[in-house]
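This is what each chain is made of:
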Amino acid sequence: MPLKVEKNVCSGCGACITVCPYDAIKMEGGKAEIGEYCQLCQACLTACAEGAIKEYKGDLEKPGQADLSAYKGVWVFAEQRGGKVAPVAFELLGEGGKLAGQRGVELCAVLFGATRQEARELVRRGADKVYFCDDEIFTNFEDEPNAGLLASLINEHRPEIVLAGATAIGRSFLPRVAARLKTGLTADCTGLEIEPETGNLIQTRPAYGGNIMASILSPGTRPQMATVRPKVMKPGRCDDSRQGEIIEVKAGEFRRSRAKVLASIREEEGAMKVNLQEADVIISGGRGLKGKEGFQMLRELAVLLGGTVGASRAAVDEGWIPYCHQVGQTGKTVAPKLYIACGISGAVQHLVGMQSSDIIVAINKNPEAPIFNVATYGIVGDLNEILPLLIRKLKERKNGR
Amino acid sequence: MRIAVCIKQVPDTAEVKINRETGTLVREGVPSIINPYDMHAIEAALGLRDALGGKVTAITMGPPQAEAALREAISMGVDDGLLVTGREFAGADTLATSRALSGAIRAIGADLIVCGKQAIDGDTAQVGPEVAEFLDIPHVSYVRKIIEAEIDHEARGSIKVERLMDEGVDVVQAELPALITVVRELNTPRLPSLRGKINAKKTEIKKLSAAEIGLTPEVVGFNGSPTQVKKIFTPAPRCGRRVLEGGLEEQVEALVKELMEKKCL
Ligand SMILES: Cc1cc2nc3c(=O)[nH]c(=O)nc-3n(C[C@H](O)[C@H](O)[C@H](O)COP(=O)(O)OP(=O)(O)OC[C@H]3O[C@@H](n4cnc5c(N)ncnc54)[C@H](O)[C@@H]3O)c2cc1C
Ligand SMILES: Nc1ncnc2c1ncn2[C@@H]1O[C@H](COP(=O)(O)O)[C@@H](O)[C@H]1O
């Protein structure tokens, strides 16, 4: 909703001008005036000690779509890679089940390009219906067929909520679906709930590199669409006795794809996958590792802990490890159960990518390093001594001592 | 090849600090920069133009001061700049932004559109694919390498790229016109040249309003945005910090014990 300054309350202190990230507020005649470049971020609203800044509905209330109540049901796009449903789909079914329960509607999954067996797994995990297409066009991920078929199914069945993983795939094609349907899409959500009074979906997500959280609504359009960050929601319980319907659909005209995948190269490092976003344990290294060799220690640790290796941008820039391992503002955002930062100072751009991990262990020889501010456990010292000790202890434990 | 680069002016989030007491952004003295990913988009466009010939236009939708971002792009070698601006665009979400940008692109015509992967203020990564959908052209996200691009005199052509996925890399070939969004790994943005800086001063920046790109005020800015910000708050600070004690060996021992108790091992 647009923001307005109540002139008789405004003291002209300028606090709002200071906090506005868009330079949208000016002082006019000793009173704040919100200008046309306001992005509605509401930073000023909280900054105003007088409470002079208010949201107003006014004449700008949007024309709603014809009949919102015609839209019913919660849908989950079940992403598959190499024919296997990605874990994030089960998390979405867990969360989607809660939302569907509150709304008293059914929970459906959409699966393109895997086997019937995988479709049945989605039923076991909570789906009442699965719209399933096994066309080979979906073997590799291409945006247009996925966007086209999903948008057409949505138009036909009219769900009120559509969720997908905030993964490379979900974040690439879901915007096309939203643009085709002219509806709202909220990226990279970490919280979803139903607003009791209206039944609208409240979608909460980090912004400004995780410095603030924003709750977003799409009150006037349907479906309400969101991509959801992997590892945040709890997967649905697996129940073999659950019954559900598997409905086969045809790709038909949506087989057209003007961007074709010619080859698909999976990156794996020995026993270790590099999919950072889905790892439960990440061992990250920074400039303190001093070279490529340092990462060998991290790999050993990762194998012992069943995890994968991450890195700071400094380590990536040095060429010690490829970019796909980078965690942070210009790399991946991760939230594993355990994040071990070795020789990483903890610059904000790194922290925003990992600070929502459950447990953070920091190993750094500088006790003043900012990484210790977010660490659950910190060890001050030389990683060249600490890591071998840790590896030894873990090996001892593995060997049953 | 006619290339359009979409760039956004953003507050330098590295400098944005949060006031824990009031829970607000402290913006004092925070500079505006070109979204870092968009710098790589500019470089990609310039590289292609230098190899294949043609022209690069930088486009931004934003307030009048966003003109500075276009001038900076010109100083790097971009041929001209287009500022989509006006009251009616304020408060745009990704859908309304994409509608405006695609309208502007349609107005000038482009064989290839290059966007950054995401903007560091909103981090949505949605504008690129949405622009492609509005223009009804293919797109490839997260491009980390341009393998080859070709175009004939009838503007038929293709671009072959590597795209970074969660578990590896895909080689993708797209028909032109197409849109790509790029990651940092793609290239190193060049520095402004002296000639570029001179051009940046004298080049006239073209401005377009909604009416000039054939859009009514109802479909852009706040009015054209299906999503609305309901509230903004600061994330709860982390708690449960524990300092380990003793010599290194004891600390490591204690850590392993703690992690076992927390079922991390
Ligand atoms: C626009 C922008 C985007 C960015 N995006 C990212 C991003 O996505 N991810 C990211 O990580 N960074 C990013 N950065 C860079 C970031 O600002 C930091 O420069 C970077 O994170 C620093 O990496 P580091 O901690 O490995 O290196 P340093 O800051 O050099 O820290 C090395 C640390 O290792 C410790 N150390 C050294 N030797 C040892 C030893 N033997 N034992 C134990 N500890 C030791 C030192 O005490 C120090 O704390 C970005 C910057 C900008 C401007
Ligand atoms: N207002 C804008 N003007 C021009 N380009 C934009 C604008 N907003 C976003 N973009 C482009 O879209 C990309 C993704 O932005 P976003 O979807 O906001 O994360 C950016 O890297 C830019 O290339």
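Conventions used here
- Residues numbered from 1 in each chain as written.
- Chains lettered and ligands numbered in written order.
- Predicted model: local features only at pLDDT ≥ 70, side-chain atom pairs only at ≥ 80, totals over all residues.
- Heavy atoms only, no water.
- Helix = DSSP H or I, 4+ residues; strand = E, 2+ residues; numbered from the N terminus.
- Buried < 20%, exposed > 50% of the residue type's maximum accessible area, 1.4 Å probe, protein only.
- Contact = heavy atoms within 4.5 Å.
- Areas by Shrake-Rupley, 256 points an atom, 1.4 Å probe, with all protein chains shown as cover.
- Phe/Tyr/Trp six-rings, centres within 6.5 Å; stacked < 30°, edge-to-face > 60°.
- Salt bridge = Lys/Arg side-chain N within 4 Å of Asp/Glu carboxyl O.
- Buried area = accessible area lost by both parts, 1.4 Å probe.
- Polar contact = N/O pair within 3.5 Å; in protein donor to acceptor, adjacent residues only side chain to side chain.
- Nonpolar A, V, L, I, M, F, W, Y, C, P; charged D, E, K, R; others polar.
- Pairing = 2+ DSSP bridges.

Colleague: Just checking my understanding: could you explain the overall build of chain A for this structure?
Modeller: On a plain count of helices and strands, chain A comes out with 11 helices and 24 strands. Across its three principal directions, the C-alpha atoms of chain A cover 70 × 65 × 40 Å. Taken over 401 residues, chain A has a buried fraction of 61%. In chain A, once contacts between residues fewer than 6 apart in sequence are set aside, the share between residues at least 24 apart is 63%. Looking at chain A as shown, the accessible area adds up to about 15900 Å², and 49% of this sits on carbon and sulfur atoms.

Colleague: Would you explain the packing of aromatic side chains in this entry?
Modeller: Any two aromatic rings considered together are summarised by their centre-to-centre distance and by the angle between their planes. Residue and element names in this part refer to chain A. Enumeration according to the criterion identifies five aromatic pairs over all chains in this entry. On the basis of an interplanar angle of 25 degrees and a centroid distance of 4.9 Å, the ring pair of Phe112 and Phe138 is categorised as stacked. In this pair, Phe112 sits in strand β8 (residues 107-112) while Phe138 sits in the loop between β9 (129-133) and α5 (143-157), placing the two residues 26 residues apart along the sequence. You'll find Phe112 and Phe138 in the same group, each marked buried. Clustering of aromatic rings is evident, with ring pairs tying together Phe77, Phe112, Phe138, Phe141 and Phe173.

Colleague: Please explain the pattern of salt bridges as it appears in this structure.
Modeller: Pairing of side chains with opposite charge becomes possible as their charged atoms draw close. A complete count under the given rule lists 51 salt bridges over all chains for this structure. For Lys98 of chain A, the salt bridge is made with Glu95 of chain A, and the minimal N-O distance between the two is 3.4 Å. Residue Lys98 of chain A and its partner Glu95 of chain A are located together in helix α3 (residues 87-103), separated by three residues, close to a single helical turn. Given the relative accessible area of 7%, Glu95 of chain A is considered buried. In this structure, the salt-bridge partner of Arg392 of chain A is Glu249 of chain B, at a minimum N-O distance of 3.0 Å. With Arg392 of chain A in helix α11 (residues 383-398) and Glu249 of chain B in helix α6 (residues 248-261), the pair connects residues from two separate chains. For Arg392 of chain A, a relative accessible area of 40% puts it in the partly exposed group. Bridged by salt links that share partners, the residues Glu79, Arg81 and Glu278 of chain A together with Asp166 and Glu167 of chain B form one connected network.

Colleague: Please clarify how the interface of chain B and chain A should be interpreted in this entry.
Modeller: Reports of interface size often rely on the accessible area that becomes lost once the parts have come together. At the junction of the two partners, chain B supplies 93 residues and chain A supplies 114 residues. Buried surface at the junction of chain B and chain A, both sides included, amounts to about 9400 Å², of which 55% is carbon and sulfur. Here Asp143 of chain A ties to Arg163 of chain B by a salt bridge, and the two come within 3.7 Å at their closest N and O atoms. In this structure, the connection of chain B to chain A is made through 39 residue pairs in polar contact (both at pLDDT 80 or more). Residue assignment for the side of chain B that touches chain A shows that the elements contributing at least two residues are β4 (24-26), α3 (94-108), α4 (127-135), β9 (139-151), β10 (157-165), β11 (168-175), β14 (228-233) and α6 of chain B. At 10 residues, α6 of chain B tops the list of elements feeding residues into the side of chain B that touches chain A. Class assignment for the residues of the side of chain B that touches chain A results in 42 nonpolar, 23 polar and 28 charged. Sheet topology note: the strand β17 (residues 259-266) of chain A/β11 of chain B ladder contains seven bridges and is antiparallel. Across the sheet, Val261 of chain A pairs through a bridge with Val172 of chain B, a residue of β11 of chain B.

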